[in-house]
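Coordinate inspection notes
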Amino acid sequence: MGIEDDTGFEPATGDGGVAVPDERRAASVRTAFEGMLQIRRLTNAGLSSPEGVPARWETHRPVRAVALALEASGLTASAVDDSGARTATGYRVTAGEAPDGARVEWVGPPGGGATHAEEKELGRCAAVLRELGWTVLPYRGPRRRRFLEVEPPPGIRSRDDGPESLR
């Protein structure tokens, strides 16, 4: 899942072990999220609301950026055991269809009720991400399961490297 070690902080994507809430993890999440907002303030300085637009570096790491936003908001990530079986219900963030996007699902163990909660919980995920400037598109996939495609707003793409990319 993402715990602090020699390689640094990793936000919970929903494909790791169950996160045991503790002060150290909570502090790491707060620090990482505040760091992301500070990068936004510095790199989007010319905008009227710099914290409300993803920084271009986030588009290079959309899974990480989206997972950090969701974890910092207090939403619960799903989890898997060592065999890969789902053990907890929550969000799961994976790479999206677009190269600079992410996909958010609400998943859980079989029979755990994730399908019944997914509309409400994905709505909560969408609200968090929209507030942070992401474009959030709801879809239905196989077996009518809902998911979100999350992309940076038009004009901010990871493939744009020049200063005009914020226009």
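In this report, we go over the structure that sits alongside the text. (Residues numbered from 1 in each chain as written. Predicted model: local features only at pLDDT ≥ 70, side-chain atom pairs only at ≥ 80, totals over all residues. Heavy atoms only, no water.)

**Describing unusual backbone geometry**
One non-glycine residue, Arg-143, lies in the positive phi region at around 55 degrees. Mapped onto the elements, Arg-143 comes out in the loop between β5 (135-140) and β6 (146-151). A positive phi is found at Arg-144, a non-glycine position, where the angle reads about 60 degrees. Within the secondary structure, Arg-144 sits in the loop between β5 and β6. (Helix = DSSP H or I, 4+ residues; strand = E, 2+ residues; numbered from the N terminus.)

**Regarding the packing of aromatic side chains**
Within this structure, the stated rule accounts for one aromatic pair. Here the aromatic rings of Tyr-139 and Phe-147 are separated by 5.6 Å at their centres, their planes lie at 20 degrees, and the arrangement is stacked. Here Phe-147 falls in the buried class, since its relative accessible area comes to 10%. Looking at Arg-103, its charged tip hangs above the ring of Phe-147, at a distance of 3.6 Å from the centre. (Phe/Tyr/Trp six-rings, centres within 6.5 Å; stacked < 30°, edge-to-face > 60°. Buried < 20%, exposed > 50% of the residue type's maximum accessible area, 1.4 Å probe, protein only. Lys NZ or Arg CZ within 6 Å of the ring centre and 35° of its normal.)

**Focus on the pairing of β6**
A large share of β6 lies buried, amounting to five of its six residues. Direction of pairing for strand β4 (residues 102-107) relative to β6: antiparallel, over a ladder of four bridges. Its bridge partner being in β6, Val-104 is matched across the sheet by Leu-148. When β5 meets β6, the two strands line up antiparallel, connected through six bridges. Directly across from Leu-137, in β6, lies its bridge partner Glu-149. Linking β5 to β6, which pair antiparallel, is a turn of five residues; within it Arg-143 sits at a positive phi near 55 degrees. (Pairing = 2+ DSSP bridges.)

**A word on the pattern of salt bridges**
One side chain can pair with another of opposite charge once the charged atoms of both are near each other. The final tally for this structure, using the stated rule, is 11 salt bridges. Close ionic contact of Arg-41 with Glu-51 constitutes a salt bridge, the shortest N to O distance being 2.0 Å. Placement of Arg-41 in helix α1 (residues 23-43) and of Glu-51 in the loop between α1 and α2 (56-60) is noted, with a sequence separation of 10 residues between them. By relative accessible area, Arg-41 is classed as partly exposed at 30%. For Glu-105, the salt bridge is made with Arg-103, and the minimal N-O distance between the two is 3.7 Å. (Salt bridge = Lys/Arg side-chain N within 4 Å of Asp/Glu carboxyl O.)

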